Amino acid sequence: MTGTGPPVAAVRKAAGRLVTLGPGFGFLTVFLLVPLALVLSYTVFRRGRFGGVVHEPTGENFTRLADPLYLDVVFGSVKLAVITTLLALLLGYPTAYMIAKLPAKWKVIALVAVVLPFWTNFLIRTYAWIVLLNSEGMLNSGLKALGLGPVELLYTDGAIVAGLLYAYLPLMILPLYSAIERLDPSLREASANLGARPARTFWSVTLPLSLPGVLTGCVFVFVPSLGNFVIPELLGGGRRIMVGNLIRDQFLKARDWPFGSVLALAVIAVLVLLLFAQAWAARRAGRDA
């Protein structure tokens, strides 16, 4: 068969892909790639005298990242995000493990209970923590009754971590549950038949095979915790400035869009590195399995 054009079947296949993938790619292009390109382009320009962007190339925005003032904000944000992620892992793994062990009908109920907080407005949930943690809140009232209070709970780093943990714990539980649920039960049975204790089976079989879920959950919790600015503002009382607050202030208050873009680019770079690390670890775990 000869001809200058592609086969009809190939054309139809390409058209079908365009119809199904086109809207999604168009949405990502307009609302993700274009704004991201604008942010990247702002990083090499200078701030105007009254804010905004002056299209004069400069590298000063990147050197400002080394300022101790901003480094302190970055390291403080990373510390709180790491603490939140570790606590989410410590709480989320046993929760996901127990959900995976439940009968089928109870699994659905448990998973609905996990995602139930997402059905409530994020700000309302955050303000609820203010009610709980303030000096006249339920927790301090209980401590007073026990003769242990009042204790300063609100407007502290602990309050920020508690708010972040509450907000993003489901994002740790769900990928962990998915990873544990997919494990072949015969592997754990074989380990038990070979004389391994339950703890040894967990460390040698369950945990290594569920490592992709662990890494995915850590990324899902760490990244939004690092960039969150609502919880530090409300539960931290503005005493703790995190990267998200700094980026917001550069764009909306200082109107220093170039430096705000550099900070946003730094957060994006951290996200990309974490995603590459998660993909590499998942491939390695798949080969080892």
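The residue count restarts for each chain, going from 1 along the sequence in the order it is written. Given that this is a predicted model, residues contribute local features only at a pLDDT of at least 70 and side-chain atom pairs are listed and counted only at 80 or more, while totals for whole chains, interfaces and linings are drawn from all residues. As a convention, hydrogens and water are excluded, and side-chain values are obtained from all of the structure's heavy atoms.

As annotated in an unreviewed UniProt entry, the protein carries the name Spermidine/putrescine ABC transporter permease and comes from Sphaerimonospora thailandensis. UniProt positions are given in the numbering used here, feature names are shortened, and annotations may be inferred rather than shown by experiment. Its UniProt record gives the protein a comment under Sequence similarities (unreviewed entry), which states: "Belongs to the binding-protein-dependent transport system permease family. CysTW subfamily." Under the heading Subcellular location (unreviewed entry), UniProt records this for the protein: "Cell membrane".

Enquirer: Just to check I follow, could you spell out the domain arrangement of the protein for this structure?
Expert: Buried accessible area, meaning the area lost when the parts come together, often serves as the stated size of an interface. Domain extents, as shown, originate in an automatic or database domain assignment. What the domain assignment lists for the protein is domain 1 (6–57) and domain 2 (63–288). Each of domain 1 and domain 2 has a C-alpha centre, and the two are 30 Å apart. Here the buried area means the combined drop in accessible surface, using a 1.4 Å probe, for two parts upon being joined, counting both sides. Across the interface of domain 1 and domain 2, roughly 880 Å² is buried in total on both sides, 70% from carbon and sulfur atoms. Among the residues of domain 1 in contact with domain 2, Tyr-42, Thr-43 and Arg-47 are the three that bury the most area, contributing 45% of the side total. Between Lys or Arg on one side and Asp or Glu on the other, a salt bridge is scored when a side-chain nitrogen of the former is within 4 Å of a carboxyl oxygen of the latter. Counting across the domain 1 and domain 2 interface gives zero salt bridges.

Enquirer: When you look at the UniProt feature "domain: ABC transmembrane type-1" (unreviewed entry) in the protein in this model, what are you seeing that I'm missing?
Expert: Mapped onto the present numbering, the UniProt feature "domain: ABC transmembrane type-1" (unreviewed entry) falls on residues 74–280. Each helix is a run of H or I in the DSSP string that is no shorter than four residues. Each strand is a run of E no shorter than two, and both are numbered from the N terminus. In the segment residues 74–280, helix accounts for 78% and strand for 0%; the C-alpha atoms at its two ends are 26 Å apart.

Enquirer: When you look at unusual backbone geometry in this model, what are you seeing that I'm missing?
Expert: Excluding glycine, a negative phi dihedral is what most residues carry, and trans is how most peptide bonds are arranged. Here the phi dihedral of Tyr-155 falls at roughly 60 degrees; this positive angle occurs in a residue that is not glycine. Note that Tyr-155 resides in the loop between α6 (138–145) and α7 (157–181). Buried, partly exposed and exposed residues are distinguished by accessible area as a fraction of the type maximum, computed with a 1.4 Å probe on protein chains only: under 20%, between the cut-offs, and over 50%, respectively. The class for Tyr-155 is partly exposed, based on a relative accessible area of 35%.

Enquirer: Whenever I open this one, the side chain of Asn-228 confuses me. Can you help?
Expert: Along the chain, Asn-228 turns up in the loop between α10 (211–227) and α11 (230–234). We classify Asn-228 as buried; its relative accessible area is 7%. We call two N or O atoms a polar contact when they sit within 3.5 Å, provided that within protein one can donate a hydrogen and the other can accept it, with sequence-adjacent residues counted only if both atoms are side-chain atoms. Separated by 2.8 Å, the side chains of Asn-228 and Tyr-168 make a polar contact. In this structure the side chain of Asn-228 is engaged in a polar contact, spanning 2.9 Å, whose partner is the backbone nitrogen of Ile-231. We call two residues in contact when some of their heavy atoms are within 4.5 Å. Leave out the neighbours within four places in its chain, and Asn-228 touches Phe-122, Leu-164, Tyr-168, Met-242, Gly-244 and Asn-245.

Enquirer: In this structure, what is going on with the pattern of salt bridges? I would like to understand it.
Expert: For side chains bearing opposite charge, pairing can occur when the charged atoms are close. Per the counting criterion, the structure on display carries nine salt bridges. Taking the shortest distance from any N to any O, the salt bridge between Arg-46 and Glu-56 comes out at 3.0 Å. You can see Arg-46 sitting in strand β1 (residues 46–47) and its partner Glu-56 sitting in the loop between β2 (53–54) and α2 (60–63), a full ten residues away along the chain. For Arg-46, a relative accessible area of 34% corresponds to the partly exposed category. A salt bridge links Glu-152 to Arg-239; the nearest nitrogen and oxygen atoms lie 2.9 Å apart. Residue Glu-152 is located in the loop between α6 and α7, and its partner Arg-239 is located in the loop between α11 and α12 (243–252); the two are separated by 87 residues in the primary sequence.

Enquirer: I tried to follow the packing of aromatic side chains on my own but got confused; where do I start?
Expert: Geometrically, a pair of aromatic rings is defined through the distance of the ring centres and the angle of the planes. Here a pair means two rings of Phe, Tyr or Trp (six-membered ring of Trp) with centres within 6.5 Å. Their orientation is stacked below 30 degrees between planes, edge-to-face above 60, and tilted elsewhere. Evaluated as defined, the whole model comprises seven aromatic pairs. Residues Tyr-70 and Phe-259 carry aromatic rings whose centres are separated by 4.7 Å and whose planes lie at 50 degrees to one another, so their mutual orientation is tilted. Of this pair, Tyr-70 sits in helix α3 (residues 68–101) while Phe-259 sits in helix α13 (residues 257–288), placing them 189 residues apart in sequence. Here Tyr-70 falls in the buried class, since its relative accessible area comes to 12%. Between Phe-202 and Trp-203, the ring centres sit 5.4 Å apart and the planes meet at 80 degrees, which makes this aromatic pair edge-to-face. In this structure Trp-203 comes out as exposed when scored by relative accessible area, which is 57%. Cluster of aromatic residues (ring-pair linked, three or more members): Tyr-93, Tyr-97, Phe-202 and Trp-203.

Enquirer: Is there a simple way to explain the packing of α7 against α10 in this structure?
Expert: Packed helices, taken two at a time, are described by their axes: the angle between them and the distance between them. Closest axis-to-axis distance for the α7/α10 pair is 8 Å, and the angle between their directions is 160 degrees. The pairing of α7 with α10 is recorded here as roughly antiparallel in orientation. At the point where α7 passes α10, the crossing takes the right-handed sense. Contact residues: Leu-164, Tyr-168, Leu-171, Met-172, Pro-175, Leu-176 and Ala-179 in α7; Gly-213, Val-214, Thr-216, Gly-217, Cys-218, Phe-220, Val-221, Pro-224 and Ser-225 in α10. Each residue belonging to the contact of α7 with α10 can be placed in one class, and the counts come to twelve nonpolar, four polar and no charged. A fitted line through C-alpha atoms serves as each axis, taken over the contacting stretch for helices, and the angle formed by two N-to-C directions is quoted from 0 to 180°. Angles are sorted into four bins: roughly parallel if under 35 degrees, roughly antiparallel if over 145, roughly perpendicular if 65 to 115, and oblique for all others. By convention the crossing between two helices is left-handed if the near helix lies anticlockwise of the far one by an angle smaller than a right angle, and right-handed if it lies clockwise. Three categories are distinguished: nonpolar for Ala, Val, Leu, Ile, Met, Phe, Trp, Tyr, Cys and Pro, charged for Asp, Glu, Lys and Arg, and polar for the others, with Gly belonging to the last.

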